[in-house]
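Here is how the chains run, residue by residue.
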Amino acid sequence: MTTPIRVLIADDQMMVRQGFTVLLNAEPGIEVVGQAVDGLDAVAKVAELAPDVVLMDIRMPELGGIEATRRITEPAGSTVKVLVLTTFDLDEYVYEALRAGASGFLLKDASADELAQAVRVVAAGDALLAPNITKRLISEFSRVTQAPRAPLKDRVGTLTERETEVLSLIAQGLSNNEIAQRLVVAEQTVKTHVSRILVKLGLRDRTQAAVFAYETGLVRPAGY
């Protein structure tokens, strides 16, 4: 029997916490193991309960969701994935949450199916970025990261030319299957490249790989 995905829900509104708990506990393979009332409580509950995924509200008292995400994901060896929840689809929230270490972003009005799918995707280590959000993120990173950069070779470290190419495509929001079609290789080959990229760069998942690509300037839209 497959071990269920352990979820912690962090939100200062009791009805939101209870609502998400009911929805997720009704899903096969997902178990809500606890609730947190603010960011500080979330950090403490992660240490106590060791969840796989944290559903993290952006705006909370005591400690906001972005800083709580940073404290949860920064420690060496941390494998907890954070899925940020917010009422507002504001670009700066998406941008700051992902920079802080979040693996995904979801609006609070998402359906039960969307919520459960998001938890499964993030737990599996895949990116959870809608194409329109990905495009805005590229523009946002390009707008704020105008400082002189080191040569690309220094920024991507020991990545091979093909791995650098795969990293660029990840950052553009392509799935493994889409990357395989673009490069005319097997999907398993792409998976191998992705795994090596994460190891070489010391990154947690595809989302953080995308953040790395944006911040280093590997991916930049036309006009920037």
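Residues numbered from 1 in each chain as written. Predicted model: local features only at pLDDT ≥ 70, side-chain atom pairs only at ≥ 80, totals over all residues. Heavy atoms only, no water.

### A short note on the nonpolar core
At step 1: Counting 25 residues, the largest nonpolar core has Ala10, Val54, Met56, Val82 and Val84 as the members making the most contacts within it.
At step 2: Mapped onto this core, the elements with two or more residues apiece are strand 1 (5–10), helix 2 (39–49), strand 3 (53–57), helix 3 (65–73), strand 4 (81–86) and helix 4 (91–99).
At step 3: The element best represented in this core is helix 4, accounting for four residues.
At step 4: In this structure, valine 84 is in contact with Met56, Ile58, Thr69, Ala97, Ala102, Gly104, Phe105 and Leu106, ignoring residues within four places of it in sequence.
At step 5: Counting residues in hydrophobic clusters, the runner-up holds 23 residues, among them Val156, Leu159, Leu167 and Ile197. (Core = buried A, V, L, I, M, F, W, Y, C linked by side-chain atoms within 4.5 Å. Buried < 20%, exposed > 50% of the residue type's maximum accessible area, 1.4 Å probe, protein only. Helix = DSSP H or I, 4+ residues; strand = E, 2+ residues; numbered from the N terminus. Contact = heavy atoms within 4.5 Å.)

### Things to note about the side chain of lysine 108
At step 1: Mapped onto the fold, lysine 108 is located in the loop between strand 5 (104–107) and helix 5 (112–123).
At step 2: For lysine 108, the side chain forms a polar contact with the side chain of aspartate 11, separated by 2.8 Å.
At step 3: Once residues lying within four places of it in the same chain are set aside, the contact partners of lysine 108 are Asp11, Gln13, Phe20, Asp57, Leu85, Thr86 and Thr87. (Polar contact = N/O pair within 3.5 Å; in protein donor to acceptor, adjacent residues only side chain to side chain.)

### Brief notes about the pattern of salt bridges
Opposite charge on two side chains allows them to pair when their charged atoms are near.
At step 1: Tallied over the entire structure, the rule returns eight salt bridges.
At step 2: Residue arginine 70 is joined to glutamate 67 by a salt bridge in which the shortest nitrogen-to-oxygen separation is 2.7 Å. Here arginine 70 and its partner glutamate 67 are both found in helix 3, three residues apart, which amounts to about one turn of the helix.
At step 3: Overall, glutamate 67 belongs to the partly exposed group, its relative accessible area being 29%.
At step 4: Salt bridges sharing partners connect three or more residues here, namely Asp11, Asp57 and Lys108. (Salt bridge = Lys/Arg side-chain N within 4 Å of Asp/Glu carboxyl O.)

### Section: the packing of helix 9 (residues 176–183) against helix 10 (residues 187–201)
At step 1: Orientation of helix 9 relative to helix 10, taken along the N-to-C sense of each, is 110°, at an axis distance of 8 Å. Of the possible angle classes, the one that applies to helix 9 and helix 10 is roughly perpendicular. Contact residues: Asn176, Asn177, Ile179 and Ala180 in helix 9; Glu187, Val190, Lys191 and Val194 in helix 10.
At step 2: In terms of residue class, the contact of helix 9 with helix 10 is built from four nonpolar, two polar and two charged. (Axes fitted to C-alpha atoms, helices over the stretch in contact; angles between N-to-C directions. Parallel < 35°, antiparallel > 145°, perpendicular 65-115°, else oblique. Nonpolar A, V, L, I, M, F, W, Y, C, P; charged D, E, K, R; others polar.)

### A closer look at helix 3
Quick reminder: α-helices carry 3.6 residues per turn. Residues three or four places apart thus point the same way.
At step 1: Residues of helix 3 that are buried include every one of Gly65, Ile66, Ala68, Thr69, Ile72 and Thr73, and no others. The buried residues of helix 3 all sit within an arc of 160° when viewed along its axis, so they share a single face. (Arc of directions from axis to C-beta.)

Geometry only, nothing functional implied.
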